[in-house]
Amino acid sequence: MSRRKLVSSGVVTILRSDGGIISGERLSRELGVSRTAIWKQVAALRKKGYRIEAVPSQGYRLLAEPDSLDACSLRLELGNELLMGCRMEYHAETGSTNADAFLIAEEGAVEGTVVLADRQLAGKGRLGRRWESPVGVNVYCSVVLRPKLPPYEAPQLTFLSAVAVARTILATTGLQPAIKWPNDLLINGRKVAGLLNEMNAETDQVGFVILGIGVNLNMRQDQFPADLRYPATSLLLETGSSVSRQTFIVRLLRELDQEYCRFCMSGFGPVREEWSRYCNAFGREVSVELGTNRLQGPFAGIDHDGALLMQLSDGRLERIVSGDVTVL
Ligand code: BTN
């Protein structure tokens, strides 16, 4: 990171942590640069959309931050202890963060590398669908993982990321999300986030997995296309207030880190338990589209490996490993 960027992130971090007026003298002392350098960085931050008040003979106060994504300040906020976000790649605009992450993973990107974008031109959803990705309002994030797993266990990582997203939504908004098998997050029955995991594997060992996470944070109603397959929403539409993308992403990466460490140490059991607490479909009638077929019955939970369990009329349990679920 360049020295200028370090000073700029440092100014924001100090102003943010205190919340009050901080003298130029203290900023210059703590960051080890001249007061002129601080003044220049404050001017540069204002150009980026930060509202920083200069209080005569007292110092600076941070009034508001732009909802911009900045890999450097994300890295600084995350610190050095987490695996998630240990490397970060940011694109103002890209085709798909999953496609970017896949490419760099093939070239050897380390586990925990995160690719973020402000906008995706070809955002990918499940089952070959498109993921709406307008600029500047949502989270489009892909994480490179290299778990020591056989390929058939890799889908369990989807459940882990669903739990991390659910916890982040709860922590940042107070809203209680529901998870719909396998990987949709809903609020009041409307989809607010989706996950797309892609894998590179040998016969008996995963090479890498890309965890793709899309969350509708501050998307307005007019930004949703009219022909959406499922009703969709955003955190802004549900709460009436916007959510800082930076705050959300930092929390999300912390939650992911915690869940992934637990998964590596204790396996799928704890993830499955927590996933089940967010799932509101137990006992409810669900319909699953399997290509041209459709199965219907009460949802009976998820199996030891994440497969959906459906109660059949003859009492047997049907295992479903992929498909489109509707809770009836
Ligand atoms: C779905 O519910 O259909 C999955 C949506 C996944 C969207 C995210 S946005 C970040 C990452 N990059 C992509 O192209 N897709 C995933």
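None of these values were measured; they are calculated from a predicted model. The numbers attached to residues start from 1 for each chain and follow its sequence in the written order. Per-residue local features are limited, in this predicted model, to residues with pLDDT of at least 70; the limit for side-chain atom pairs, both in listing and counting, is 80 or more; totals at the level of whole chains, interfaces and linings are taken over all residues. Values reported for side chains reflect all heavy atoms of the structure, with hydrogen atoms and water molecules removed beforehand.

Peer 1: Give me the overall build of the chain: which residues, what numbers.
Peer 2: A run of DSSP states H or I qualifies as a helix once it reaches four residues; a run of E qualifies as a strand once it reaches two. Both are numbered from the N-terminal end. When its secondary structure is counted, the chain shows nine helices and 14 strands. Here the radius of gyration uses the C-alpha set of atoms, whereas the globule reference equals 2.2 Å times the residue count to the power 0.38. By the compact-globule yardstick of 20 Å for 328 residues, the chain fits well, its C-alpha radius of gyration being 22 Å. When accessible area is computed with a 1.4 Å probe and restricted to protein chains, residues below 20% of their type maximum are described as buried, those above 50% as exposed, and intermediate ones as partly exposed. Taken over 328 residues, the chain has a buried fraction of 49%. Long-range pairs, those at least 24 residues apart, make up 62% of the contacts in the chain with a sequence separation of at least 6. Methods summary: accessible areas were calculated by the Shrake-Rupley approach with a probe of 1.4 Å, and residue burial reflects only the protein chains presented. Working note: accessible area of the chain is about 15,500 Å², and carbon and sulfur atoms make up 50% of it. Looking at charge distribution, the chain has the averaged site of its 38 positive side-chain charges lying 7 Å from that of its 37 negative ones. Should any heavy atoms of two residues lie within 4.5 Å, those residues are counted as being in contact. In this count, Lys and Arg are taken as positive residues and Asp and Glu as negative ones, while His and the chain termini are left out. In this description, the location of a charge corresponds to atom NZ of lysine, CZ of arginine, CG of aspartate or CD of glutamate.

Peer 1: Tell me about helix H3 (residues 35–47), residues and numbers included.
Peer 2: Each helix should span, by expectation, one fewer than its residue count multiplied by 1.5 Å. With 13 residues, H3 should cover 18 Å at 1.5 Å per step; its first-to-last C-alpha distance of 19 Å lies within 8% of that length. Among the residues making up H3, those that are buried are Ile38, Gln41, Val42 and Leu45. Angular distribution of buried residues about the axis of H3 spans 105 degrees; they occupy a single face of the element. Of the exposed residues in H3, those oriented more than 90 degrees away from the buried face are Trp39, Lys40 and Lys47. Those residues of H3 hidden inside the fold are in contact with helix H1 (3–18), helix H2 (24–31), strand S1 (51–55) and strand S2 (59–64). At the exit of H3 stands Gly49, carrying a positive phi of roughly 110 degrees. Starting at the helix axis, one direction is taken to each C-beta atom, and the arc is that of these directions.

Peer 1: Give me the lowdown on the packing of helix H8 (residues 245–266) against helix H9 (residues 269–278), citing residues and values where you can.
Peer 2: Any two packed helices are characterised by how steeply their axes cross, that is the angle between the axes, and by the distance between the axes. It is at 8 Å that the axes of H8 and H9 come closest, and there the two elements cross at 130 degrees. Classified by the angle between their axes, H8 and H9 sit oblique to one another. Contacts between H8 and H9 involve Glu259, Arg262, Phe263 and Ser266 on the former and, on the latter, Gly269, Pro270, Val271 and Glu274. Classifying every residue of the contact of H8 with H9 gives three nonpolar, two polar and three charged. Axis definition: a line fitted to C-alpha atoms, over the contacting stretch in the case of helices. Angles run 0 to 180 degrees between N-to-C directions. For this classification, under 35 degrees means roughly parallel, over 145 means roughly antiparallel, 65 to 115 means roughly perpendicular, and everything else is oblique. Just so you know the grouping, Ala, Val, Leu, Ile, Met, Phe, Trp, Tyr, Cys and Pro go in nonpolar, Asp, Glu, Lys and Arg go in charged, and all remaining residues, Gly too, go in polar.

Peer 1: Pulling in residues and values, what's your account of the side chain of Asn216?
Peer 2: The topology assignment puts Asn216 in the loop between strand S9 (206–215) and helix H7 (235–239). In this structure Asn216 comes out as buried when scored by relative accessible area, which is 4%. Look past the residues within four positions of Asn216 in its chain and what remains in contact with it is Trp131, Asn138, Lys191, Val192, Phe224, Thr233, Ser234 and Leu235.

Peer 1: Mind laying out the packing of helix H4 (residues 71–78) against H8, listing which residues take part and the relevant values?
Peer 2: Following both chains from N to C, one finds H4 and H8 inclined at 45 degrees, their axes separated by 10 Å at the closest point. Classified by the angle their axes make, H4 and H8 are oblique. Regarding H4 and H8, the two cross each other, and that crossing is right-handed. Contacts between H4 and H8 pair Ser73, Leu74, Glu77 and Leu78 from the former with Gln246, Ile249, Val250, Leu253 and Arg254 from the latter. When its residues are assigned to classes, the contact of H4 with H8 shows five nonpolar, two polar and two charged. Put simply, a crossing is left-handed when the front helix is turned counterclockwise from the back one by less than a right angle, and right-handed when it is turned clockwise.

Peer 1: Give a description of the environment of Lys124 that names residues and reports values.
Peer 2: With respect to the helices and strands, Lys124 occurs in the loop between strand S4 (114–117) and strand S5 (139–145). Along the sequence, Lys124 and Cys261 sit 137 residues apart, while their C-alpha atoms lie 27 Å from each other. A 3.5 Å cut-off defines polar contacts: any pair of N or O atoms within that distance qualifies, except that in protein one atom must be a possible hydrogen donor and the other a possible acceptor, and neighbouring residues in sequence count only when both atoms are side-chain atoms. Among the polar contacts made by the side chain of Lys124, one reaches the side chain of Glu198 at a distance of 3.0 Å.

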